[in-house]
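Observations on the model geometry
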Amino acid sequence: MHPSHFLRPDIETMKYPDLEALIDERIQYTVHYAAEHSPFYKKFYREHNISPDEIKSHEDLLELPVISGHIIRENQPPVTNDFMFKSLDWKDIYTIHETSGTSGTPKSFFLSWDDWKRYAEKYARIFVSQGFTAEDRMIICASYGMNVGANTMTLAAREVGMSIIPTGKCTFPIRLIQSYQPTGIVGSVFKFLRLARRMKAEGMNPADSSIRRLVVGGESFADESRNYVKELYDCEVFNSYGSTEGTMCGECQAVAGLHVPEDIVHLDIHDPRHQRFLPDGEEGHIVLTTLLKPGERCGSLLINYDTDDTTKVISRSRCPCGRTHMRILNPWREAETIPVFEVPINRIDIERAVFQPENLPSLTGEYEAFIYGEEENEITLRISVEAEDKDACSIHDITDVITGTILKQKPELVGSYDDGIFQILVHITGPGGLELHHIRGRPKRLIDRR
């Protein structure tokens, strides 16, 4: 690990009362910064009769309205003439970024060099907590572009001292592993699965390679898929969660939830349906607030921003790793949740069923799912899975495992299933037979076709 086992031991192990006091100090500065520099918040405070002087603590944030992605889009071109969330002059903006746009028009974000330093520190803390040191060499399988992930991790590696192999994609030649002996890779579960298949095809056993740690970034995943990847590579697999908006959290070696860098970003859990903030242990949307150290500047500042991602606070007690910052459950995307007879089904529910150990000797792990029918009549969940040799698979056994796992996770659907108005159909394809293999960009794995 890092020589101290922490990037910033004074901050990461701070006693919680002291951490709360630090958070409150930064909230006060951030709220006043927004009132002075953000066109949106100048108007927002005025319209909601909010005085920045009255916001003195993280509890006071709970009294403020929540900002949605829709509000950001309504306050940027082409809807408005200017970017109302931009909180610095153009001459002070270092880079310009957009979200992926998977849930609508891309949201624009502007980063100063201060922002980049904060982003890099967040990820550097994560890497150190996962055991990376200056001795490591890491392949970054994330796109370098208007999304911030790959660049953030590259800057973070500089803080740790490790070397970066910036491939940008996981389709790099296998010779890179043979030549440079990387010890870590950042990617997704499915990039790691495909890479393992390519390695095997070229006579290399992933478990015998130089890789010692894999970091899953950019998407949630099931513990079952994590365990499968761990077995394939015989190495540690960690989760990290990040967004252009600034939420960057990650698992440490204790794998006891994702640490939130509470001195840099404040995180609350919100119930958008009932418009209330939730206590620890209850699931809701991640609501974040940018935290600035007095004197720092910010290109796009957000206060009480609803990310549309769902999680819950697991613990605020000291982690076995020694860190005191709160830990959250692996977040999942609300956009990947679809109601079936008012019961929410998430992509992770499908993934958990596919990656059951009984299935994996036959399946590659690749899958896609579609929902058909009408809410008041019959609904069909059709799951397609990929196999290296589909003729050697038992469709009956795989269907039983997938169906049983889904109904165990969603007992509210058992009655509908027994009555025949909810059906689960499983289809097995050969390599490359899934629709998603023919789609450019990041594919959706759970699609509502009603």
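Residues numbered from 1 in each chain as written. Predicted model: local features only at pLDDT ≥ 70, side-chain atom pairs only at ≥ 80, totals over all residues. Heavy atoms only, no water.

1. Details of the layout of surface pockets
Its volume calculated, the second largest pocket comes out at about 700 Å³. Lining of the second largest pocket is provided by 27 residues; of these, Glu 283, Thr 310, Trp 332, Glu 334 and Thr 337 occupy positions nearest its centre. For the lining of the second largest pocket, the secondary structure elements donating two or more residues are β12 (284-290), β18 (343-346) and α11 (347-354). Within the lining of the second largest pocket, the residues separate by chemical class into 10 nonpolar, nine polar and eight charged. (1 Å grid on protein atoms, 1.4 Å probe; cavity = no way out; pocket = protein on both sides within 12 Å on 5 of 7 lines; lining within 4 Å. Points joined across faces, edges and corners; volume = space filled by probe spheres on them. Helix = DSSP H or I, 4+ residues; strand = E, 2+ residues; numbered from the N terminus. Nonpolar A, V, L, I, M, F, W, Y, C, P; charged D, E, K, R; others polar.)

2. Observations concerning the environment of Arg 226
Structurally, Arg 226 is set in helix α10 (residues 223-233). Look at Arg 226 and you get buried, because its relative accessible area is 9%. Look past the residues within four positions of Arg 226 in its chain and what remains in contact with it is Phe 221, Val 237, Phe 238, Asn 239, Glu 251 and Val 255. (Buried < 20%, exposed > 50% of the residue type's maximum accessible area, 1.4 Å probe, protein only. Contact = heavy atoms within 4.5 Å.)

3. Focus on the environment of Pro 344
Turning to its location among the elements, Pro 344 is positioned in strand β18. Residues Pro 344 and Lys 410, 66 residues apart in the sequence, show an inter-C-alpha distance of 8.6 Å. Setting aside chain neighbours within four positions, we find Pro 344 in contact with Thr 337, Ile 338, Pro 339, Asp 349 and Lys 410.

4. Brief notes about the sheet that holds strand β8 (residues 248-251)
Ordered by their spatial adjacency, nine strands build an open sheet running β4-β3-β5-β6-β7-β8-β9-β15-β14, and the pairing between neighbours is mixed. Both edges of this open sheet fall to β4 (163-165) and β14 (313-315), since each of them pairs with a single strand only. Bridge count between strand β9 (residues 258-259) and strand β15 (residues 327-328): two bridges; the pairing is antiparallel. Bridging across to β15, His 259 finds its partner in Arg 327. In the packing of helix α6 (residues 113-129) onto the sheet, contacts are made with β3 (137-140), β5 (184-187), β7 (236-242) and β8, and the angle to β8 comes to roughly 5 degrees. (Pairing = 2+ DSSP bridges. Axes fitted to C-alpha atoms, helices over the stretch in contact; angles between N-to-C directions.)

5. Digging into the pattern of salt bridges
Taken as a whole and judged by the stated rule, the model has 34 salt bridges. Among the ionic pairs, Glu 47 bridges to Lys 43, the shortest N-O distance being 3.9 Å. Of this pair, Glu 47 and Lys 43 both sit in helix α3 (residues 39-47), four residues apart, which is roughly one turn of that helix. (Salt bridge = Lys/Arg side-chain N within 4 Å of Asp/Glu carboxyl O.)

6. Notes on the packing of helix α9 (residues 189-201) against α10
Remark: α9 packs on α10, axes separated minimally by 10 Å, with the N-to-C direction vectors making an angle of 25 degrees. In terms of axis orientation, α9 runs roughly parallel to α10. Judged by the sense of rotation from one axis to the other, the crossing of α9 with α10 is left-handed. In this structure, α9 uses Val 189, Phe 192, Leu 193, Leu 195, Ala 196, Met 199 and Lys 200 to contact α10, whose residues at the interface are Ser 225, Tyr 228, Val 229, Leu 232 and Tyr 233. For the contact of α9 with α10, the class distribution of residues is 10 nonpolar, one polar and one charged. (Parallel < 35°, antiparallel > 145°, perpendicular 65-115°, else oblique. Left-handed = near helix turned anticlockwise from the far one by under 90°.)

7. What about α11?
Across the eight residues of α11, seven count as buried, placing the element largely inside the fold. Among the residues making up α11, those that are buried are Arg 347, Ile 348, Asp 349, Ile 350, Glu 351, Ala 353 and Val 354. Residue Asn 346 occupies the N-cap position of α11, its side-chain oxygen lying 2.9 Å from the main-chain nitrogen of Ile 348. (Polar contact = N/O pair within 3.5 Å; in protein donor to acceptor, adjacent residues only side chain to side chain.)

8. Here's the deal with the sheet that holds strand β21 (residues 422-429)
If you walk across this open sheet you meet the four strands as β21-β20-β19-β22, and the pairing is mixed. For this open sheet the edge positions go to β21 and β22 (446-448), each flanked by a neighbour on one side alone. Averaged over neighbouring strand pairs, the angle between their axes works out to 15 degrees when direction is ignored.

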